[in-house]
Amino acid sequence: MLDIKLIRKDPQFYKDKLATRNVKPETIDELLSFDTKRRGLIVQSESLKAKRNEVSEQISQLKRNKEDASSAINDMKEVGGQIKELDEQLREIENDQNNLAAHLPNVPADDVPVGLTEEGAVELRKVGDLPNYDFKPKEHFEIGEDLGILDFERAAKVSGSRFVYYVGDGALLERAVYNFFLDENAKAGFKEMITPYMVSDDAMFGTGQFPKFKETKAGYETMDGDREYTLIPTAEVPLVNYHREEVLPAEDLPMSVTALSPAFRSEAGSAGKDTRGLIRLHQFNKVEMVKFTKPEQSWDALEDLTHQAESLLQKLGLAYHVITLTTGDMSFTAAKTNDLEVWFPAQNRYREISSCSNTTDFQARRAHIQYRDEDGKLQFVHTLNGSGLAVGRAVAAILENYQNADGTVTIPDVLVPYMHGMTKIEKQK
């Protein structure tokens, strides 16, 4: 959520910045119009409430003097009716203003490349050598099906398209990957958590998925009696909301947490995209990293978060590059996003495996997460999030990059201890 006080001070700045995120300038004018009306109604209501208090005191005085108070009582009833009408108008205006404000994305940082599409992303660095094969490399789903470790056909029978069964050594590989990620994140100072997988509307609003997810039907919702829940699209939601409506001790910042969770995505609008394989499933595992920082710490924290995600790919021996997304391609909540894209040889391209974002105070304002500065004044924390990493995509990248001519897959060295000493995946019996 953006700070309306700052928008009042410099509306043109917000018009210019948010135009790079496809927000029309007149939207800011509309927001400020609501704000002006709201503040005007507050002044009128408070003035009438002060008058009501005066009249109430007059009535008390008249009654103490045993004088006729009927005229004053009638005046108070009239004033009370006016206050009620103004308060109803105020609630309507506040609802309109809050609804409009809830649809405004975060302000992009100054160094974010401007563009309304993904075109124009800036490559920061390439790391690792691309693999060479003396055979035509297969795509990961072909490898998995040929080895008998991925079963999409039976998953479709049970659940529909975009689901998968990991079988035998495939399940072991998936488990090895996420345990490796969790262990590495813990070594880097992230506190491990196991979170709820269903969250409230307030939690989804706090991290910025709502109201957009509701409108685009991008998530999965369920009911328990009268309570509505959403299956988490990422562990970012429960991790950030862990401290919702709290004041964090300043001395504890920065704080770093990590969690493995399933992620549930409807993949609305992705018809025809990556219909085969592990790239775009309705349910997949992901290890998430979240940081809470003071404002002056958050940009260094974004670099730390990005490098932590990179270290996982480096230890797996996977080639990748890092790009900074354009203003129009970032998530709704982000002020800046660094994407890590890992190399897929059969596709001859890099594919996203992690997005590391600084959301500045945008989520903290929505979720009311604060700390006290050195002067004792309440300030909003900055929150950051990043995949560390998307597990299914990591498995897919391993299958493609470590495939052999005979159809087997070599296990990356760092995963061998997690695979009970296994060094190669062969066809399942």
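Here the structure is a predicted model, which is why all the values come from computation and not from measurement.

### Notes on the domain arrangement of the protein
Step number 1: Each assigned domain of the protein is listed with its residue range as follows: domain 1 (4-103) and domain 2 (122-425).
Step number 2: Taken residue by residue, the interface counts four residues in domain 1 and 10 residues in domain 2.
Step number 3: Of the roughly 590 Å² buried between domain 1 and domain 2, counting both surfaces, carbon and sulfur atoms make up 44%.
Step number 4: For the pair domain 1 and domain 2, the interface holds zero salt bridges.
Step number 5: Inspection of the region where domain 1 meets domain 2 yields seven residue pairs in polar contact (both at pLDDT 80 or more).
Step number 6: Its residues placed into classes, the side of domain 1 that touches domain 2 shows one nonpolar, two polar and one charged.

### Some details on the nonpolar core
Across soluble globular proteins, you tend to see nonpolar side chains buried next to one another.
Step number 1: Ranked by internal contacts, the top residues of the largest apolar core, which has 53 residues, are V177 and F181.
Step number 2: Here the element with the most residues in this core is helix α7 (residues 169-187); it accounts for eight residues.
Step number 3: Not counting chain neighbours up to four residues away, the residues in contact with F181 comprise V287, L312, L316, G388, L389, V391 and A394.
Step number 4: Formed by 24 residues, the second largest nonpolar core is a distinct cluster that contains L18, V23, V79 and L100.

### A short note on helix α13 (residues 391-401)
Step number 1: Among the 11 residues of α13, 11 are classified as buried, and the element is accordingly described as predominantly covered.
Step number 2: If you check which residues of α13 are buried, you get V391, G392, R393, A394, V395, A396, A397, I398, L399, E400 and N401.

### As for the packing of helix α3 (residues 25-64) against helix α4 (residues 70-102)
Step number 1: Axis separation between α3 and α4 bottoms out at 8 Å; the angle between their running directions is 160°. Considered as vectors, α3 and α4 are oriented roughly antiparallel to each other. Helix-helix and strand crossings are classified by hand; for α3 and α4 the assignment is left-handed.
Step number 2: Here the residues of the contact of α3 with α4 are counted per class, giving 18 nonpolar, seven polar and 11 charged.

### A word on the UniProt feature "binding site: ATP" (unreviewed entry) in the protein
Step number 1: The positions that UniProt labels "binding site: ATP" (unreviewed entry) are, in the present scheme, R265, S266, E267, E352, I353, S354 and S355.
Step number 2: You can see S266 is positioned in the loop between β9 (255-264) and β10 (283-293).
Step number 3: For S266, the residues in contact, after removing those within four places along its chain, are K217, A218, G219, Y220 and H282.
Step number 4: Within the structure, the side chain of S266 is placed 3.1 Å from the backbone oxygen of A218, a separation counted as a polar contact.
Step number 5: Structurally, S354 is set in strand β13 (residues 349-358).
Step number 6: Setting aside anything within four residues of it in sequence, one finds S354 in contact with A309, N338, D339, L340, G386, S387 and L389.

### Looking at the sheet that holds strand β6 (residues 220-224)
Step number 1: Spatially, β5-β7-β6 is the arrangement adopted by the three strands of the open sheet, whose pairing is antiparallel. The two strands at the open ends of the sheet, each matched to only one other strand, are β5 (198-199) and β6.
Step number 2: Relative to strand β7 (residues 227-231), β5 is paired through two bridges, and the arrangement is antiparallel. Its bridge partner lying in β7, V199 is registered against T230.

### Things to note about the packing of aromatic side chains
The geometry of two aromatic rings is summed up by the distance between their centres and the angle between their planes.
Step number 1: In this structure the tally under the stated criterion is six aromatic pairs.
Step number 2: Here R366 stacks its cationic end above the ring of F205, 4.0 Å away from the centre of that ring.

### Considerations on the UniProt feature "binding site: L-serine" (unreviewed entry) in the protein
Step number 1: On the UniProt side, "binding site: L-serine" (unreviewed entry) is annotated at positions that read T234, A235, E236, R265, E288, N385 and S387 here.
Step number 2: With respect to the helices and strands, E236 occurs in helix α10 (residues 236-241).
Step number 3: When its relative accessible area of 8% is taken as the criterion, E236 is described as buried.
Step number 4: Residue classification places E288 among the buried residues on the basis of a relative accessible area of 2%.
Step number 5: Once residues lying within four places of it in the same chain are set aside, the contact partners of E288 are T234, A235, E236, L239, V257, T258, A259, N385, G386, S387 and G388.
Step number 6: Among the polar contacts listed, one links the side chain of E288 to the side chain of T234, at a separation of 3.5 Å.

### Comments concerning the environment of A218
Step number 1: When you line up the elements, A218 lands in the loop between α9 (212-216) and β6.
Step number 2: Separated by 184 residues in the primary sequence, A218 and Y402 have C-alpha atoms spaced 34 Å apart.

### Observations regarding a nonpolar patch on the surface
Step number 1: On the surface, V158, Y165 and V167 cluster together into a nonpolar patch covering about 250 Å² of accessible area.
Step number 2: As for its position among the elements, V158 is in helix α6 (residues 152-158).

About the criteria used
Residues numbered from 1 in each chain as written. Predicted model: local features only at pLDDT ≥ 70, side-chain atom pairs only at ≥ 80, totals over all residues. Heavy atoms only, no water. Domains from an automatic or database assignment. Contact = heavy atoms within 4.5 Å. Buried area = accessible area lost by both parts, 1.4 Å probe. Salt bridge = Lys/Arg side-chain N within 4 Å of Asp/Glu carboxyl O. Polar contact = N/O pair within 3.5 Å; in protein donor to acceptor, adjacent residues only side chain to side chain. Nonpolar A, V, L, I, M, F, W, Y, C, P; charged D, E, K, R; others polar. Core = buried A, V, L, I, M, F, W, Y, C linked by side-chain atoms within 4.5 Å. Buried < 20%, exposed > 50% of the residue type's maximum accessible area, 1.4 Å probe, protein only. Helix = DSSP H or I, 4+ residues; strand = E, 2+ residues; numbered from the N terminus. Axes fitted to C-alpha atoms, helices over the stretch in contact; angles between N-to-C directions. Parallel < 35°, antiparallel > 145°, perpendicular 65-115°, else oblique. Left-handed = near helix turned anticlockwise from the far one by under 90°. UniProt positions renumbered as here; feature names shortened; annotations may be inferred. Pairing = 2+ DSSP bridges. Phe/Tyr/Trp six-rings, centres within 6.5 Å; stacked < 30°, edge-to-face > 60°. Lys NZ or Arg CZ within 6 Å of the ring centre and 35° of its normal. Patch = residues over 30% accessible without salt bridge, like charges linked within 9 Å, V, L, I, M, F, W, Y side chains within 5 Å. Areas by Shrake-Rupley, 256 points an atom, 1.4 Å probe, with all protein chains shown as cover.

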